[in-house]
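# Observations on chain architecture
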Amino acid sequence: MNAFPPHQRSLPPADGMTEAERARILAKAALFPPPPMVDADGRRDLLGLSRAELEAEMVALGEKPFRARQLWHWIYHQGERDFARMSTIARPTQAKLAERFVIGRPAIAAEQTSQDGTRKWLFSWRDGQQVETVFIPEEDRGAVCISTQVGCTLSCRFCHTGTQKLVRNLGAAEIVGQFMAARDAYGEWPTPKGGSGNKDAGGEGRLLSNIVVMGMGEPLYNYENVAKALTIIMDHEGIGLSRRRITLSTSGVVPMMDKCGAELGVNLAVSLHAVTDDLRDELVPLNRKYPIAELLAACRRYPGASNARRITFEYVMLRGVNDSEADARELVRLLRGIPAKVNLIPFNPWPGSAYRTSTPEALRRFAEIVNAAGYSSPIRRPRGRDILAACGQLKTESERARRA
Ligand code: SAH
Ligand code: SF4
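Residues numbered from 1 in each chain as written. Chains lettered and ligands numbered in written order. Predicted model: local features only at pLDDT ≥ 70, side-chain atom pairs only at ≥ 80, totals over all residues.

### So, the confidence of the model for the chain
When pLDDT is averaged along the chain, the result is 90, and 88% of the positions lie at 70 or above. Contacts of residues 1-6 to residues separated by more than four positions or lying in other chains number eight contacts, the stretch itself having pLDDT below 50. (pLDDT = per-residue confidence, 0-100. Contact = placed C-beta atoms within 7 Å.)

Structural data, given as structure tokens:
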């Protein structure tokens, strides 16, 4: 079976250096592996296995390969976790499966709901590590923001997660598991047929209609697990979320952006945050390796980018640092020729952070200039202000409480 969906394209021709760089990034990711997906009683987790792997498990058990297809439907379409309730599977087989396997979910270590409906979970994994997942409801749709790493190797100056060192990568089961646990919380099983709650769009009421890979960690430094998880999520016989409803945010891991575009074809968001290399070197230290010009070149060749599917440029607004009118004009110049929208994010302060949020006036003027140049530039409404909304903060607070 194909590991990747049918829209797969081939990678653009790369020189040897790019190939070597990709190999180096993948090898480094492998140094921070997730723990084995096995419960204390020895039963293995079926969540996060590719279709081919699930099939191999069934064959090893003496079952026909189609058993994997049935299971896939139960796990990812019905959201069922109890083998005894899988009515298309014979009782003895159910028992055999239950002896050897589980269909896992993270444990909920903490949960908060904001007055505006934003909901945040702190999930725990088998090894006790924790990450945050956020659900942001909107009128006719809702996005689940998922994490990809415990901590992050990059140390962006304004990011709270950047203050936590990388502990490890999340496995595919843990990445898919965040979305499935969020769906559990809203009882959104079996998978609704439509794309979103918008009936005009032919939707049938998917509340959890979109995924943004914008939680803790750098997804392109954990590419293989992220790709595996998103492939499962996009599978038509399961969760069936379209790649158009998935947005992956990167701080700019240039060699992996091509691979992501060719193999996954999801929407791309790029954390730009500065218009000069000097400032970006400071705010997003990865810029020293992949400077703005290289980053924008990768955006220009990102497959599928069009006016209908624009690349989102995230720009965190830091008072007196990157929020002048000159910055806005330079941003417009840099983006010329890229089908882009700009997401202006008011800086979300956290205890000990060195920055302040831009004034509403600076935000408004900045947005006006970008808008006038023809780029949509919504100012992201601060959501969940009454809960610890800055990414990574719930985790830190909960650790502090445990120590106390
Ligand atoms: N590592 C990826 C994805 C996770 S961060 C990336 O950097 O793109 C998701 C987004 O949140 C990024 O644009 C990041 O710059 C932004 N962000 C991080 N800390 C923030 C803060 N305190 N206030 C506002 N935005 C923040
Ligand atoms: Fe990591 Fe993204 Fe935070 Fe930078 S902004 S430290 S890449 S999670």
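Having seen the model, we can carry on.
### A short note on the site of ligand 2
In the vicinity of ligand 2, the residues found are Cys 152, Leu 154, Ser 155, Cys 156, Cys 159, Thr 161, Gly 162, Met 216, Gly 217, Glu 218, Ser 251 and Ser 271. Of the residues in the shell around ligand 2, the class split is five nonpolar, six polar and one charged. (Near = placed C-beta within 6 Å. Nonpolar A, V, L, I, M, F, W, Y, C, P; charged D, E, K, R; others polar.)

### Description of the environment of Phe 66
Position of Phe 66 among the secondary structure elements: in helix H3 (residues 66-78). Residue Phe 66 is classed as exposed on the basis of its 10 C-beta neighbours within 10 Å. Distance from Phe 66 to Glu 55, taken between C-alpha atoms, is 7.7 Å for residues 11 residues apart in sequence. (Helix = DSSP H or I, 4+ residues; strand = E, 2+ residues; numbered from the N terminus. Buried ≥ 20, exposed ≤ 12 C-beta atoms within 10 Å, placed from the backbone.)

### Re the site of ligand 1
Lining the immediate surroundings of ligand 1 are 18 residues, of which Cys 159, Ser 251, Ser 271, Glu 314 and Asn 348 lie closest. Contributions of two or more residues to the shell around ligand 1 are made by strand S10 (246-250) and strand S12 (311-317).

### With respect to H3
An α-helical segment advances 3.6 residues per turn. Residues three or four places apart therefore align on the same side. In a regular helix each residue adds 1.5 Å, so 13 residues correspond to 18 Å; H3 covers 17 Å between its end C-alpha atoms and thus fits that length. Residues of H3 that are buried include every one of Arg 67, Ala 68, Leu 71, Trp 74, Ile 75 and Tyr 76, and no others. End-on view of H3: buried residues confined to an arc of 160°, all on one side of the axis. Contacts made by the buried residues of H3 are with helix H2 (51-60) and helix H6 (223-234). After H3 finishes, the residue Gly 79 shows a positive phi value of roughly 70°. (Expected span 1.5 Å × (residues − 1). Arc of directions from axis to C-beta.)

### Focus on the pairing of strand S3 (residues 107-113)
As defined by bridge partners, S3 adjoins strand S4 (residues 119-124) across six bridges and the pair is classed as antiparallel. Across the sheet, residue Gln 112 finds its bridge partner in S4, namely Lys 120. (Pairing = 2+ DSSP bridges.)

### Thoughts on the nonpolar core
If you look at soluble globular proteins, the nonpolar side chains tend to sit buried side by side. Counting 98 residues, the largest nonpolar core has Val 176, Leu 230 and Ile 233 as the members making the most contacts within it. No other element matches H6, which puts eight residues into this core. Each of domain 1 (48-102) and domain 2 (107-387) accounts for three or more of the residues forming this core. Apart from the residues within four sequence positions on either side, Leu 230 is in contact with Ile 246, Leu 264 and Val 266. (Core = buried A, V, L, I, M, F, W, Y, C linked by C-beta atoms within 7 Å. Domains from an automatic or database assignment.)

### Quick notes on the environment of Ser 242
Take Ser 242: it is sitting in the loop between H6 and S10. Expressed as a C-alpha distance, the spacing of Ser 242 and Asn 210, which sit 32 residues apart in the sequence, is 8.7 Å.

### Focus on the sheet that holds strand S13 (residues 340-346)
If you trace the nine strands from one edge of the open sheet to the other, you get S3-S4-S5-S6-S9-S10-S11-S12-S13, paired in mixed fashion. Edge positions in the open sheet fall to S3 and S13, since each of these has one partner strand only. Ignoring strand direction, the axes of neighbouring strands in this sheet form an average angle of 20°. Those strands touched by helix H11 (residues 360-372) are S12 and S13, and its axis lies near 180° from that of S13. (Axes fitted to C-alpha atoms, helices over the stretch in contact; angles between N-to-C directions.)

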